[in-house]
Amino acid sequence: MAAPVKRDRLFIDNEWRRADSGETIAVANPATGEVIGTVPKGARAETASAIEAAARALPEWRRRTAQDRAAHMLRLHDALMDHRDALAAILTEEMGKPLAEARGEIAHGAGFFKWFAEEGRRIYGDIIPSPWADTRIVVSKHPVGVVGAITPWNFPNSMIARKLAAALGAGCTMVIKPASQTPYSALAFGDMAMEADLPAGVVNIVTGAASEIAAEMCENPALRKITFTGSTATGKKLAAQAGAHMKRVSMELGGNAPFIVFDDADLDKAVEGAMISKFRNSGQTCVCANRFLVQSSVYDAFSEKFAAAIAELKVGDGAEDGVTQGPLIDEDAVAKVEEHVADAARKGGEVIAGGARHALGGAFFQPTLIGGASSDMQIFRDETFGPVAAMFRFETEDEAIRMANDTEYGLACYAYTNDLGRAWRLNDALEYGMVGINQGLISTEVAPFGGVKASGIGKEGSKYGVEDYLDVRYALFGGLGR
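Analysis parameters
Throughout this document, residue positions are counted from 1 along each chain, in the order its sequence is written. Local features in this predicted model are restricted to residues of pLDDT 70 or higher, and side-chain atom pairs are both shown and tallied only at a pLDDT of 80 or more, whereas totals for entire chains, interfaces and linings draw on every residue. Based on all heavy atoms of the structure, the side-chain values leave hydrogens and waters out of the count. Helix and strand definitions here come from DSSP, where helices need a minimum of 4 consecutive H or I residues and strands a minimum of 2 consecutive E residues; each element is numbered from the N-terminal end. In this description the radius of gyration comes from C-alpha coordinates, and the expected globular size is given by 2.2 Å times residues to the power 0.38. Burial classes follow relative accessibility: with a 1.4 Å probe on protein chains only, a residue under 20% of its type's maximum area counts as buried, one over 50% as exposed, and anything between as partly exposed. Here, two residues are considered to be in contact whenever any of their heavy atoms come within 4.5 Å of each other. Accessible surface is estimated by sampling points in the Shrake-Rupley manner with a 1.4 Å probe; for residues, cover comes only from the protein chains shown. What is meant by a nonpolar core is a set of buried Ala, Val, Leu, Ile, Met, Phe, Trp, Tyr and Cys residues, joined one to another through side-chain atoms within 4.5 Å. Grid spacing is 1 Å over the protein atoms alone, the probe is 1.4 Å, and a cavity is where that probe fits but cannot get out, while a pocket is an open set with protein on both sides within 12 Å along at least five of seven lines and lining residues have an atom within 4 Å of a point. Grid points are joined across faces, edges and corners, and a volume is the space filled by probe spheres set on the points. Each residue is assigned to one class: nonpolar for Ala, Val, Leu, Ile, Met, Phe, Trp, Tyr, Cys and Pro, charged for Asp, Glu, Lys and Arg, and polar for all the others, Gly among them. Between any two strands, pairing holds if DSSP finds at least two bridges. In this description, a line fitted to the C-alpha atoms serves as the axis of each element, helices being fitted only across the stretch in contact, and the angle between N-to-C directions of two axes falls anywhere from 0 to 180 degrees. By definition here, a salt bridge exists when the distance from a side-chain nitrogen of Lys or Arg to a carboxyl oxygen of Asp or Glu is within 4 Å. Working rule for helices: expected span equals 1.5 Å times residues minus one. The directions from the helix axis to the C-beta atoms are what the arc is built from.

Attention shifts here to the overall build of the chain. For the chain, the count of helices and strands is 15 helices and 22 strands. The C-alpha radius of gyration computed for the chain amounts to 23 Å, which stays within 12% of the reference 23 Å derived for 482 residues, consistent with globular compactness. With respect to the three principal axes, the spread of C-alpha positions in the chain is 75 × 60 × 40 Å. The buried share of the chain, taken over its 482 residues, is 55%. Long-range contacts, defined as pairs at least 24 residues apart, comprise 73% of the intrachain contacts of the chain with a sequence gap of at least 6. Accessible area for the chain stands at about 18,800 Å²; split by element, carbon and sulfur atoms hold 51% of it.

Next up, the structure:
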């Protein structure tokens, strides 16, 4: 099959369609500001059509053996990897991240299809000893049904892959609503689905008005579950809307990740982990470190090494060779970062590196390091979602844990220490769904991804991730004799 291109149609029932209204949404390259195309502005009617197609496809798809579904999913994995370069180019053009990161994202996303192709073959039930001699109790697991997925712009390929792979492996069908800033990476899944010979209606993609698409997903009785990745504020509204119709939900929401550096840590490795955690995707990840808590005795040494590493970053258009920091997604993102930096400076923070819009202009911002940060700053409470690292001092382990947990969020956290006992104490005490000990990159398809508190509900990836797409059924078989 030819390499995927930027599709400008909705993908419903294996057909490419325009929006009924004929309206479109412009898509811009954040590195240049140039409009690179348009996609349909779908709404409730188009979403209803997609849900209808997914509902029609569901009975046949869920009846297939896990092995048969796995064969399609492995072909989908191969299609993504075969077109990795073309897909990465589309991703970088619409989202801005460096090509090397984009290629890594495609491979990461493809890995979910290989993982869940196999995990779908290990969906086990139970036989429960019955209290009645002439009965047997069987517990089985069944696909929840049609799933609606609403995905973000920061990882426009892998966030879809993580949801879609689990759904397909469980025997569900799906309607996907991608972010309007990055629709082309999502629409490319239409081409990949056809290359993998997925039956019509198993995968559907609707771009357009978020509020109308979400409303149809929540209210349409044929759709049984909504999975969402995005902000906590939006997630709360969506969960309430879905709850009014008793829809099952899974939510991967915002974070405010602490990165704790103890005085017994290997500082070079801590800086290496900090750079990966903080500046990957220009700080636009839900699991990126937001608050750097550094023990006072190593604060100056860590700060010096960290600033030197930040100075090596190369900012520019992600399509250019050697660039390690692309633009932020849009002007609103830049304004938020600028506000956080200004607030920190007003409240006594020291801007050690960066601190302003980049000379390239547009959506570019300098990689920034702030010292002397305090808990009254916005950056302590709010997720910055940009290339700004703020350092806070602490004295004791107990103080570090209190500071780390002093947030409504609980997605990811990181800590560097060579004390094994401390590492286990941190794992017990830190109120987060994911903990990275001496590691700044923790995302993998084999482990459960998800948070606690205001950071969400449910898990993605791993053997736990498939459970979110399954219903548990209890059957009592009576009259069997003694």
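What follows is about the nonpolar core. Core analysis: the largest hydrophobic core is formed by 86 residues, its most contacted members being Phe-113, Leu-164, Leu-168 and Ile-260. Per-element tally for this core: the top contributor is helix α5 (residues 158-170), with 8 residues. Ignoring anything within four residues of it in the chain, the contact list for Leu-168 reads Trp-61, Arg-69, Met-73, Leu-76, Phe-113, Leu-198 and Val-202. Core analysis: the second largest hydrophobic core is formed by 32 residues, Cys-286, Val-294, Ile-310 and Tyr-416 among them.

Inspection of every chain in the model, using the stated rule, returns 2 cavities of 30 Å³ or more. In this model, the largest cavity occupies a volume close to 50 Å³. What lines the largest cavity is simply Lys-163, Thr-227, Phe-228, Ser-250, Met-251, Glu-252, Phe-449, Gly-450, Ile-457, Gly-458, Lys-459 and Glu-460. Among the elements that take part in the lining of the largest cavity, strand β11 (residues 248-252) stands out by supplying 3 residues, more than any other. Looking at the lining of the largest cavity residue by residue, the class counts come to 4 nonpolar, 4 polar and 4 charged. The volume enclosed by the second largest cavity comes to roughly 30 Å³. Along its surface, the second largest cavity is lined by Gly-255, Asn-256, Ala-257, Cys-286, Cys-288, Asn-290, Glu-383, Thr-384 and Phe-385.

Moving on: the sheet that holds strand β12 (residues 257-261). Pairing is mixed in the open sheet, where 7 strands are placed in the order β14-β15-β16-β13-β12-β18-β19. If you trace the sheet from one side to the other, it starts and ends with β14 (350-353) and β19 (434-437), each paired once. Neighbour-to-neighbour, the strand axes of this sheet turn through a mean angle of 25°, independent of strand direction. Strands in contact with helix α9 (residues 267-279) are β12, β13 (289-295), β15 (368-371), β16 (388-394) and β18 (412-416); relative to β12, the strand with the most contacts, it is inclined by about 170°. Relative to β16, helix α13 (residues 397-405) is tilted by about 140°, and along the sheet it contacts β12, β13 and β16.

Across a sheet, strands are paired by hydrogen bonds formed along the backbone, either parallel or antiparallel in direction. Reading across from one edge, β5-β6-β22 is the order of the 3 strands in this open sheet, with antiparallel pairing throughout. Pairing within the sheet leaves two strands with one partner each, and these edge strands are β5 (126-128) and β22 (470-477). Going across the sheet, the axis of each strand differs from the next one's by a mean of 25°, ignoring polarity. In terms of strand pairing, strand β6 (residues 136-143) meets β22 through 8 bridges, oriented antiparallel. Looking at β22, one finds that Ser-140 is bridged to Arg-473.

Summed over all chains, the structure comprises 30 salt bridges. In this structure, the salt-bridge partner of Arg-64 is Asp-68, at a minimum N-O distance of 2.9 Å. A cluster of three or more residues bridged by salt bridges with shared partners is formed by Arg-162, Lys-163, Glu-252 and Glu-460.

Turning to the pairing of β13, a few remarks are in order. Of all 7 residues making up β13, 7 are buried, and the element is well covered by its neighbours. Across 5 bridges, the pairing between β12 and β13 is parallel. Along β13, the bridge assignment pairs Ile-260 with Leu-293. Note that β13 and β16 share 5 bridges and pair parallel. Note that in β16 the partner of Gln-295 across the bridge is Phe-394.

On to helix α8 (residues 232-243). Here α8 spans 16 Å end to end across 12 residues, near enough to the 16 Å set by a 1.5 Å rise per residue. Among all positions in α8, only Thr-232, Gly-235, Leu-238 and Ala-242 are buried. Relative to the axis of α8, the buried residues are bounded by an arc of 120° and lie together on one face. Of the exposed residues in α8, the ones pointing more than 90 degrees away from its buried face are Lys-236, Lys-237 and Ala-240.

Here we come to the layout of surface pockets. Within this model, the largest pocket holds a volume of roughly 1,000 Å³. The wall of the largest pocket is formed by 42 residues, among which Trp-153, Phe-228, Gly-230, Ser-231 and Thr-234 lie closest to the centre. Going through the elements one at a time, α7 (210-219), β10 (223-229), α8 and α11 (331-346) are the ones with two or more residues in the lining of the largest pocket. Of the residues contributing to the lining of the largest pocket, the split by class is 16 nonpolar, 16 polar and 10 charged. Counted as a void, the second largest pocket has a volume near 290 Å³. Around the second largest pocket, the lining is made up of 17 residues, and of these His-108, Phe-155, Ser-158, Arg-280 and Ser-443 lie nearest the centre. Only α4 (99-119) and α5 provide two or more residues apiece to the lining of the second largest pocket. If one sorts the elements of the lining of the second largest pocket by residue count, α4 sits on top with 4 residues. For the lining of the second largest pocket, the residue count by class is 6 nonpolar, 6 polar and 5 charged.

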